[in-house]
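Listed below, chain by chain, are the residues.
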Amino acid sequence: MVITDDIRYVGVNDHQIDLFEGQYIVPNGMAYNSYVILDEKITVMDTVDVHFTDEWLGNIKNVLGDKKPDYLVVQHVEPDHSASISAFVNEYPEAVVVANAKAFEMINNFYRIDFGDKKLVVKDGEEFSTGAHTLKFVFAIMVHWPEVMFTYDSKDKVLFSADAFGKFGALDVDEEWDCEARRYYIGIVGKFGMQVQNVLKKAAELDIQTICPLHGPVLKAPLEHYLAQYNTWSSYGVESEGVMIAYTSVYGNTKKAVEILAKELEDLGCPKVAVNDLAREDMAECVEDAFRYGKIVLATTTYNGSIFPFMREFIEHLTERNFQKKTIGLIENGSWGPMAAKIMKDKLANSKDITWTENNVRILSSVSDENIEQIKALAKELV
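Right, let's walk through the structure included here.

Criteria and cut-off values
Residues numbered from 1 in each chain as written. Predicted model: local features only at pLDDT ≥ 70, side-chain atom pairs only at ≥ 80, totals over all residues. Heavy atoms only, no water. Helix = DSSP H or I, 4+ residues; strand = E, 2+ residues; numbered from the N terminus. Buried < 20%, exposed > 50% of the residue type's maximum accessible area, 1.4 Å probe, protein only. Pairing = 2+ DSSP bridges. Phe/Tyr/Trp six-rings, centres within 6.5 Å; stacked < 30°, edge-to-face > 60°. Lys NZ or Arg CZ within 6 Å of the ring centre and 35° of its normal. Axes fitted to C-alpha atoms, helices over the stretch in contact; angles between N-to-C directions. Contact = heavy atoms within 4.5 Å. Core = buried A, V, L, I, M, F, W, Y, C linked by side-chain atoms within 4.5 Å. Salt bridge = Lys/Arg side-chain N within 4 Å of Asp/Glu carboxyl O. Parallel < 35°, antiparallel > 145°, perpendicular 65-115°, else oblique. Left-handed = near helix turned anticlockwise from the far one by under 90°.

1. A look at unusual backbone geometry
Working step 1: In this model, Val143 is joined to His144 through a cis peptide bond whose omega is 5 degrees.
Working step 2: Across the junction of Ala221 and Pro222, the peptide omega takes the value 5 degrees, indicating a cis bond.
Working step 3: Within the secondary structure layout, Pro222 lies in the loop between β16 (219-220) and α7 (224-234).
Working step 4: Non-glycine residue Glu21 carries a positive phi angle of around 55 degrees.
Working step 5: Structurally, Glu21 is set in the loop between β3 (19-20) and β4 (24-25).
Working step 6: Take Glu21: its relative accessible area is 35%, and that puts it in the partly exposed class.
Working step 7: Phi at Tyr236 takes a positive value of approximately 60 degrees, unusual for a residue other than glycine.
Working step 8: Take Tyr236: it is sitting in the loop between α7 and β17 (240-247).
Working step 9: In this structure Tyr236 comes out as buried when scored by relative accessible area, which is 8%.

Structure follows, in structure tokens:
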């Protein structure tokens, strides 16, 4: 794949994987991206997962022919991007590996490689010439690991963005960027919104026409949509107007209350009602919806003196990722001692800028006429 006159794609598609990072369902696989900058000094940008080392090295040879790379830049040491470093060094022993000090420390922890004099440590903001191209290294600490850096090519106006602007899905599958980029961002990077905001400010100072991430497609100008989405996600803003309802139900009574609420919201003109059954749907998709919408309803039962396990897990996913800036309504069900509402509030007590609805719903076993009136009042407040 030709990115610019001087930049080629040499990454791979992974359709063997079922769970990315051991937890995220990836029905359309993953891409592990790597790039080659052709210049007086040839530079390879990052490596790939160890299961695809031979294919990756073959891709490099197909681009270079008899030429050999002079540099390997390591922007991120997570193994899906760094596990082929040893093979690269063995294949091209004269090449110099370029990374920051923290990255080299982590490479040693993972792979115990002795680079000898074939090692170049770079600092934040430092520039590096390969001939016609000048590469500027922009540290992106905790986006989403501490060693991460971006690389900006001022000649072709390309930002090599490490895991930022990435998405789930292999590149030989045609699918919308937003959905799987959102799920990827919130699941993997979502905790580090402040750090993403900081690096977006750095990126705003650069003339970027192309973004080359380590996962997902290469993004070409105009880039406003992608930058705006990242700004919304990393500032924990509202992306879509509507109400997200997350629920668990044991005997169907809490589910019935949720169905009544969804119908009321729709009848009142709510632009979107996203209903998520936490016991049956992909948890990462549910978490994605919670961050996407500005208004959330949590509905669950009191269970073993606490809340139903899937709701507990769901809220833990939210708080782990710095869930904030939401309006939240509560529906609780308890046959003899309802405690779910209090427990849910307690679990979200440290979340910033949460507005709790005045109208909430307390069900005693099954939905009563009084509950229906409470549901209607909650729907009106939310709309």
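What follows continues from the structure just given.
2. Here's the deal with the pairing of strand β18 (residues 273-277)
Working step 1: The buried count for β18 comes to four of five residues, which makes it a mostly enclosed element.
Working step 2: Bridging between β17 and β18 involves five bridges; their strand directions are parallel. The partner of Tyr247 across the bridge, within β18, is Asp277.

3. Brief notes about the sheet that holds strand β11 (residues 127-129)
Working step 1: Ordered by their spatial adjacency, six strands build an open sheet running β11-β12-β13-β14-β15-β16, and the pairing between neighbours is mixed. Each having just a single partner strand, β11 and β16 make up the two edges of the open sheet.
Working step 2: One ladder, built from three bridges, connects strand β14 (residues 158-160) with strand β15 (residues 210-212); its direction is parallel. Counted as the bridge partner of Val158 is Thr210 from β15.

4. A closer look at the packing of aromatic side chains
Geometrically, a pair of aromatic rings is defined through the distance of the ring centres and the angle of the planes.
Working step 1: One pass over the structure, following the stated rule, counts 24 aromatic pairs.
Working step 2: Ring geometry for Tyr24 versus Phe168: centroids 5.7 Å apart, planes at 35 degrees, classification tilted. Here Tyr24 is found in strand β4, whereas its partner Phe168 is found in the loop between β14 and α5 (177-189), with 144 residues between them in sequence. Judged on exposure class, the residue Tyr24 and its partner Phe168 are both buried.
Working step 3: Between the aromatic rings of Phe308 and Phe310, the centroid separation amounts to 6.1 Å while the plane-to-plane angle is 35 degrees, which identifies the pairing as tilted.
Working step 4: For Phe310, a relative accessible area of 32% puts it in the partly exposed group.
Working step 5: Within the aromatic cluster, the residues linked to one another by ring pairs are Phe165, Trp177, Tyr185, Tyr226, Tyr230 and Trp233.
Working step 6: Directly above the ring of Phe104 sits Lys119, whose terminal nitrogen or CZ lies 4.8 Å from the centroid.

5. What to know about the sheet that holds strand β10 (residues 119-122)
Sheets are built from strands that pair by backbone hydrogen bonding, the pairs being arranged parallel or antiparallel.
Working step 1: Judged by pairing direction, the sheet is mixed, and its six strands sit side by side in the order β1-β6-β7-β8-β9-β10 without closing on themselves. Across the chains shown, the open sheet's two edge strands, defined by having one partner strand only, are β1 (7-9) and β10. Averaged over all adjacent pairs, the angle separating strand axes in this sheet is 25 degrees, with direction ignored.
Working step 2: On the sheet, helix α4 (residues 101-111) packs against β9 (96-100) and β10 and is oriented at approximately 115 degrees with respect to β9.

6. Concerning the nonpolar core
Working step 1: Membership of the largest hydrophobic core comes to 91 residues, with the highest contact counts inside it found for Phe20, Trp56, Phe150, Tyr230, Leu298, Phe314 and Phe323.
Working step 2: When residues of this core are assigned to their parent elements, the largest contribution, seven residues, is made by α5.
Working step 3: With near-sequence residues (within four places) excluded, Phe314 lies in contact with Met244, Ala246, Leu278, Met283, Cys286, Val287, Ala290 and Leu298.
Working step 4: Counting residues in each nonpolar core, the second largest holds 21 residues, with Ile3, Ile7, Val73 and Met149 among its members.

7. Re the pattern of salt bridges
Working step 1: Counted by the stated rule, this structure contains 18 salt bridges.
Working step 2: Note that Asp277 and Arg280 form a salt bridge whose closest N and O atoms lie 3.0 Å from each other.
Working step 3: Asp277 sits in the buried class, given a relative accessible area of 7%.
Working step 4: What makes Arg280 exposed here is its relative accessible area of 68%.
Working step 5: Taken together, the shared-partner salt bridges in this structure form one network comprising Glu180, Arg183, Asp282 and Glu285.

8. Quick look at the packing of helix α9 (residues 283-292) against helix α10 (residues 309-320)
Working step 1: Closest axis-to-axis distance for the α9/α10 pair is 10 Å, and the angle between their directions is 55 degrees. Relative to α10, the element α9 lies oblique. Note that α9 runs across α10; the crossing there is right-handed. Contact with α9, carried on its side by Met283, Cys286, Val287, Ala290 and Phe291, involves Phe310, Glu313, Phe314, His317 and Leu318 of α10 and no other residues of that element.

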